[in-house]
Amino acid sequence: MTDFGSLVRAHGKTQLEIKNRYPLPTEKNRVSYSIDAFMFTPAQLGINDERFSVDQFFSDVKSHTRFSISYVPLARLVDPGCSISPLTRIRNYLDTATFSADMSEHRVLYELRTLANLFSAEMKATYRLLSDIASAGISQHLVKKTEKFLDEASVFLQQFREFHSRFMEPSINSRIRTAMRWSDESISLSAEKMLFYLHRVFDGHKIQSVIENMMKAENQHRREMKYPSVLKNKNDSEIERILYRESILKKWAQTVLYMSSEETGTNRKIGHILAGVAAAAAMTFAIVATFFAERLFASYSIPWAMIIVVSYMLKDRIKEILRGILLRIMPRFISDRTEKLVDQILQKNVGKTKSMVRLVQLKETPRSVQAVRNAGANPFQTILPPENIIHFRKDITIKSGKLMKEHSRIEAVTEIIRVKMDRFLEEMDDAKKLLRTWKDGRISAVKGKRVYHINLVLRLVSSEDEEQLSRYRLVVNRQGIQRIEEVVSR
């Protein structure tokens with residue numbers, strides 16, 4: 001994934017995941033990005049005005065926005081001169097705190113959780129690198145590089161665990177001590193998992209014994225510290241308990257990277273204003289009709305009474321019709337949903353998002369999107385039933401200056417959008433179908449999967465008008481997403 005771009009994948013069988021990465025340039029105080037997602041759905045799926053509404057769509061969409069932090073090599077993490085290392089910052093907090101009131105609890109917790117994330121990211125990145133190199137064969141250079149990495153990991157673990165004695169000082173409260181233990185347990189599990197994968201990479205090589213010894217040491221460390229994530233009995237309930245514990249530790253560490261989103265209420269306020277405008281217009285009509293009746297007919301006469309009754313009847317209809325029209329056109333000028341992004345550590349507003357969704361026709365889409373969609377398409381596409389097109393747009397503005405000031409390790413913001421596909425599957429035929437054909441010298445009926453293709457075209461635009469277009473083909477059937485193929489335009 002590039003500095004600015006998208007990654008599309010299936011999240012389970014019934015959820016589509018779009019991951020967008022928005023870089024944060026250090027020289028700007030504010031940056032803006034937008035994403036347009038066009039879903040071209042077959043007419044058979046019935047995604048139309050009768051079965052699709054804005055509220056239904058947003059009930060099926062969930063978004064999460066988090067920070068993307070820079071990779072920090074293990075050698076830098078243990079370097080006392082590295083100012084962005086959580087180890088350095090924690091050490092400084094401990095050295096300068098005389099009393100419990102001097103210790104900033106949320107800062108220490110922030111650094112401990114960030115350290116767990118940095119270590120986990122470094123483990124995964126290093127494993128991927130070593131695994132890729134090993135695919136061409138185990139060389140002496142690879143073995144030396146792996147040995148160096150294992151030495152650096154051992155030094156890191158030793159230096160980090162030296163904090164345990166420091167965290168027993170009276171100036172440290174129990175929450176900080178617990179956070180230290182949770183961070184240590186999380187780091188130990190990350191190390192053990194990486195060592196397990198490396199053990200498979202070097203199958204049959206003598207370096208395996210070094211890896212095995214480190215794995216044993218991690219397991220023994222968790223036993224001595226009496227951490228819950230130690231497998232004592234290999235039964236289902238014990239395995240379930242440890243997997244749950246691992247999940248809890250992962251969420252505890254990663255939530256420090258996530259921003260919360262809160263609806264601003266702007267749309268609701270504007271809706272009330274537009275309802276008032278519609279009521280005022282309807283009342284104006286009723287008053288004018290009353291003046292007209294008074295001018296033409298005698299008061300309390302039958303014609304006068306008929307005009308008054310009809311005007312009041314039309315007043316209510318005019319109010320409802322105008323209200324509906326104004327509320328429908330309102331999102332074209334603002335959005336269907338407006339949310340502010342809140343940094344959970346600072347508890348400050350650091351950005352906002354605006355989202356809208358529409359069913360559109362092909363001619364309403366940008367020409368660049370049409371070109372990407374039609375590349376390599378069926379030459380008889382125009383005589384087939386037209387596709388139903390969902391256009392989802394999201395604009396995001398980030399106060400990068402404020403974020404970078406408080407979070408010096410951040411290099412980008414990552415947004416994860418998940419779309420539930422259940423509504424798309426409702427009108428699909430059975431997933432299995434017989435293919436009657438000639439095979440192996442005789443007539444055969446072979447069972448196969450009946451699938452549908454949903455084409456997704458993404459258009460990303462940065463504040464510098466940098467545009468990226470990509471197309472994906474979702475191969476789906478009634479059982480859910482079967483696979484996702486990236487379609488490269490030629």
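Residues numbered from 1 in each chain as written. Predicted model: local features only at pLDDT ≥ 70, side-chain atom pairs only at ≥ 80, totals over all residues. Heavy atoms only, no water.

Participant: Looking at this structure, I do not really get the pairing of strand 14 (residues 480–487). What am I missing?
Facilitator: Residues in a regular strand point their side chains to alternate faces of the sheet. As paired elements, strand 13 (residues 467–477) and strand 14 share seven bridges and run antiparallel to each other. Following the sheet pairing, Val-476 is matched in strand 14 by Ile-481. (Pairing = 2+ DSSP bridges. Helix = DSSP H or I, 4+ residues; strand = E, 2+ residues; numbered from the N terminus.)

Participant: Help me understand a positive patch on the surface, please; the structure alone is not making it clear to me.
Facilitator: Side chains of Arg-30, Lys-348, Lys-352, Lys-354, Lys-402 and Lys-405 sit close together on the surface and give a patch of like positive charge. Those elements that provide at least two residues to the positive patch are strand 7 (348–360) and helix 13 (400–406). Sorting elements by how many residues they give to the positive patch places strand 7 first, with three residues. Assignment of secondary structure puts Lys-405 in helix 13. Overall, Lys-405 belongs to the exposed group, its relative accessible area being 70%. (Patch = residues over 30% accessible without salt bridge, like charges linked within 9 Å, V, L, I, M, F, W, Y side chains within 5 Å. Areas by Shrake-Rupley, 256 points an atom, 1.4 Å probe, with all protein chains shown as cover. Salt bridge = Lys/Arg side-chain N within 4 Å of Asp/Glu carboxyl O. Lys, Arg positive; Asp, Glu negative; His and termini not counted. Charge placed at Lys NZ, Arg CZ, Asp CG, Glu CD. Buried < 20%, exposed > 50% of the residue type's maximum accessible area, 1.4 Å probe, protein only.)

Participant: Would you take a moment to explain the nonpolar core for this structure?
Facilitator: Generally speaking, nonpolar side chains in soluble globular proteins are found buried as a group. One finds Phe-156, Phe-160 and Phe-167 to be the most contacted residues of the largest nonpolar core, which totals 47 residues. Counting residues per element, the ones that place at least two in this core are helix 2 (74–77), helix 3 (86–96), helix 4 (105–134), helix 5 (140–161), helix 7 (174–201), helix 8 (207–224) and helix 9 (236–254). The element contributing the most residues to this core is helix 4, with eleven residues. Counting residues in each nonpolar core, the second largest holds 45 residues, with Leu-16, Met-259, Ile-396 and Phe-424 among its members. (Core = buried A, V, L, I, M, F, W, Y, C linked by side-chain atoms within 4.5 Å.)

Participant: Please clarify how the packing of helix 7 against helix 8 should be interpreted in this entry.
Facilitator: Pairs of packed helices are described in terms of their axes, by the angle between the two and the distance that separates them. At a minimum axis distance of 9 Å, the contact between helix 7 and helix 8 shows a crossing angle of 155°. Comparing their axes, helix 8 and helix 7 come out roughly antiparallel. Helix 7 and helix 8 meet at a crossing whose hand is left-handed. Contact residues: Asp-184, Glu-185, Ser-188, Leu-189, Ala-191, Glu-192, Leu-195, Phe-196, Leu-198 and His-199 in helix 7; Gln-208, Ile-211, Glu-212, Met-214, Met-215, Glu-218, Asn-219, His-221 and Arg-222 in helix 8. Class assignment for the residues of the contact of helix 7 with helix 8 results in eight nonpolar, five polar and six charged. (Axes fitted to C-alpha atoms, helices over the stretch in contact; angles between N-to-C directions. Parallel < 35°, antiparallel > 145°, perpendicular 65-115°, else oblique. Left-handed = near helix turned anticlockwise from the far one by under 90°. Contact = heavy atoms within 4.5 Å. Nonpolar A, V, L, I, M, F, W, Y, C, P; charged D, E, K, R; others polar.)

By themselves, these observations are geometric and do not establish any function.
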